Amino acid sequence: MNKRQDLPLKNDVAARFVPKIVALMVYVGTLCFVFTLFMTHTAHIWETQFTTQLSIEIPTFSDNASSALQERVVQFLNRTPGVQRVITVPQKEMENLFYSLLGEDANLELLPLPAVIDVTLDGKENVDIQNLESHLKNISPYLQIVDHRVWQNHVTNLIHTGVFLALIITLLILSAALATTTFAIRTSLLIHRQIIEVLSLIGATHSYIATQFQINVFKQGLIASSIGSFIAFLTFLGIKILLEKSGFSFMMSSSFFFQSICVFILSPFFTALSMMLAARLAVMKALRS
Amino acid sequence: MTVSDMIARLVGVGHKYETGPEIFKGITVDIEKGSFHFLTGPSGSGKSSLLRMLYLGLKPTWGNIQLFGEDTLKVTSSLLPLLRQKIGVVFQEFKLLDHLRVIDNVSLPLRVRGIESKRGQKHVQELLDWIGLGDCLKAYPPSLSGGQKQRVSIARAIITRPQLLLADEPTGNVDDDMAMKLLYLFEELNKMGTAVIIATHNQRILEKFPYSQLTIKEGSLLKLPMRKVAYE
Ligand SMILES: Nc1ncnc2c1ncn2[C@@H]1O[C@H](COP(=O)(O)OP(=O)(O)OP(=O)(O)O)[C@@H](O)[C@H]1O
Ligand SMILES: [Mg+2]
């Protein structure tokens, strides 16, 4: 028998449902948090890989005319303040792109591909797109300017909102777990009020009594949340295998995988510690009143 | 007499339970260090209530109690346990913890004070042996008789050698021989410096031990000084 356990909390009816609820909440909570990590990583990949903000499309005329026009456009862009990088997308890459969209047997002879020039802005100077467009139209009225930033911003906002929402949900789940702990502790205090009274009559400090509850809650919380986290980890592995089988393994970078493992290992400790703190606060508050 | 010689000082203390009669009408008394008192009075006169006030389990409705030099009306929740740690209480209704073994019940005050040790544990065993409970160390209170529970409660109250011992009918459930033995135990404790207040009805004890008697009568406290007796 544990000498420190002066209260019979182990067989507490009031607290019997707590481990199950905590395990469930940690299961959902860790998965939710890992999802925010995933979104953050995706956002990062997104921001580092898709740097092209503008594309200029030059329709194909005769080969010579096109390359001369291309040359002029590139020169003009290179002179434009605020432009960091100008890259002409190789024709081969364009063809590959179209084949992948339309299938291998698409006839590109019938569908003349435009030349595409990708433009990366340095972000320091505010480039006036309309002004740029009118200058380009002066070079040739057939030039098309496509501003990717609008939809890129949409996607980035969407990802950030997703991260934010998932974090909020994680926090809500954690608060629910802590609220459950607090309610269970309050019931437990009522059940054991006579024992608590005896303890305080023989000189037990509030802190001593709170410690009794804390130790019990920590043990219970650690076991329950370890189970929840372990099942969440199995779910995560399942999703990973599924993604790999469907050819989406690039979505799980090794750094994301490593961070997720850390979340699964640390969340039981974090949860148990938070529950312990909640228990202490609940007991101290109840004893003070 | 200086304040530092005082364990407790009651000045004009009165009490009335919300639902009940006025039980004290302005009691004034000093409990000195190392003194020994019996507390007597008819059933329902307020012996337990007075002891309860002394271990800060009951607030006086008016008047003032000073305990170990502290004004009990101003005691904070952090000071309260420290004052109680100087007091050992034998409750009339024992108040043992049923889920703890006898030995753990008795060592509870040591644990609460953070002074539990191997030596302390041995001390607990010796004490339980001495009061005839050497065979019940591992028993749980519900399996004990009334007299056995009472002795466990006494052991728990004195294990820390408190500065003040409050015993509410500590011999109510034991035979006369055991009652005498327990009284000798309290005397020993008193010789080591503990102030002792024992609420009792037991005439034999009152006759045999010549200590001062505090008698509650119609809400007042009468003090009979220590008798001079020739020991046989
Ligand atoms: N919690 C309470 N609420 C209301 N009245 C109470 C309460 N406790 C005690 N009393 C009343 O206060 C009076 C004194 O009770 P107390 O227990 O102090 O008497 P006592 O001298 O210890 O009696 P006994 O010798 O029978 O143990 C009694 O009339 C009792 O009914
Ligand atoms: Mg009584």
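The structure under discussion appears in the preceding block.
Below or above, wherever it landed, is the structure these notes cover. Quick caveat, the model's predicted, so the values are computed rather than measured. (Residues numbered from 1 in each chain as written. Chains lettered and ligands numbered in written order. Predicted model: local features only at pLDDT ≥ 70, side-chain atom pairs only at ≥ 80, totals over all residues. Heavy atoms only, no water.)

The subject of this paragraph is the overall build of chain A. Helix and strand counts for chain A come out as 8 helices and 4 strands. In sequence order, the secondary structure elements of chain A are arranged as α-β-α-β-α-β-α-β-α-α-α-α. Radius of gyration (C-alpha) of chain A: 31 Å, far over the 19 Å computed for a compact globule of 289 residues. Dimensions of chain A along its principal axes, counting C-alpha atoms only, are 100 × 40 × 20 Å. Across chain A, every contact between residues at least 6 apart in sequence was considered, and the portion connecting residues at least 24 apart equals 84%. (Helix = DSSP H or I, 4+ residues; strand = E, 2+ residues; numbered from the N terminus. Rg over C-alpha atoms; globule rule 2.2 N^0.38 Å. Contact = heavy atoms within 4.5 Å.)

Right, let's get into the coordination of the magnesium ion (ligand 2). All names here are of chain B. Distances from the magnesium ion (ligand 2) to its protein donors, Ser 48 (OG) and Gln 92 (OE1), fall within 1.9 to 2.2 Å. Taken as a pair, Ser 48 in helix 1 (residues 47-54) and Gln 92 in the loop between strand 6 (87-90) and helix 3 (102-112) lie far apart in primary sequence, 44 residues in all. Looking at Gln 92, the relative accessible area reads 37%, which means it is partly exposed. (Donors = N, O, S within 2.8 Å, 3.2 Å for Na, K, Ca; no water. Buried < 20%, exposed > 50% of the residue type's maximum accessible area, 1.4 Å probe, protein only.)

Per the counting criterion, the structure on display carries 11 aromatic pairs over all chains. On the numbers, 5.6 Å between centres and 70° between planes, the contact of Phe 233 of chain A with Phe 264 of chain A is edge-to-face. You can see Phe 233 of chain A sitting in helix 7 (residues 206-245) and its partner Phe 264 of chain A sitting in helix 8 (residues 254-288), a full 31 residues away along the chain. Among the aromatic side chains, those forming a connected cluster through ring pairs are Phe 35, Phe 38, Phe 233, Phe 236, Phe 256, Phe 257 and Phe 264 of chain A. The ring of Phe 68 of chain B has Lys 86 of chain B lying over it, and the distance from NZ or CZ to the ring centre is 5.0 Å. (Phe/Tyr/Trp six-rings, centres within 6.5 Å; stacked < 30°, edge-to-face > 60°. Lys NZ or Arg CZ within 6 Å of the ring centre and 35° of its normal.)

This part covers the site of ligand 1. Residue and element names in this part refer to chain B. Around ligand 1, the structure places 15 residues, and the nearest of them are Ser 43, Gly 44, Lys 47, Ser 48 and Ser 49. A distance of 3.3 Å is found between an oxygen atom of ligand 1 and a backbone nitrogen or oxygen belonging to Ser 45. Contacts to ligand 1 include Ser 49, whose side-chain N or O atom sits 2.5 Å from an oxygen atom. If you tally residues by element for the shell around ligand 1, the top one is helix 1, at 4 residues. Among the residues forming the shell around ligand 1, the class breakdown is 3 nonpolar, 9 polar and 3 charged. (Near = heavy atom within 4 Å. Polar contact = N/O pair within 3.5 Å; in protein donor to acceptor, adjacent residues only side chain to side chain. Nonpolar A, V, L, I, M, F, W, Y, C, P; charged D, E, K, R; others polar.)

Scanning the entire structure with this criterion turns up 4 cavities of 30 Å³ or more. Put simply, the largest cavity is a space of about 100 Å³. Along the walls of the largest cavity sit Leu 9, Asp 12, Ala 15, Val 18, Thr 181, Ala 184, Ile 185, Ser 188, Phe 213, Asn 216, Val 217 and Gln 220 of chain A, which together make up its complete lining. Each residue belonging to the lining of the largest cavity can be placed in one class, and the counts come to 7 nonpolar, 4 polar and 1 charged. By volume, the second largest cavity amounts to about 70 Å³. Residue assignment for the lining of the second largest cavity shows that the elements contributing at least two residues are strand 6 and helix 5 (146-158) of chain B. (1 Å grid on protein atoms, 1.4 Å probe; cavity = no way out; pocket = protein on both sides within 12 Å on 5 of 7 lines; lining within 4 Å. Points joined across faces, edges and corners; volume = space filled by probe spheres on them.)

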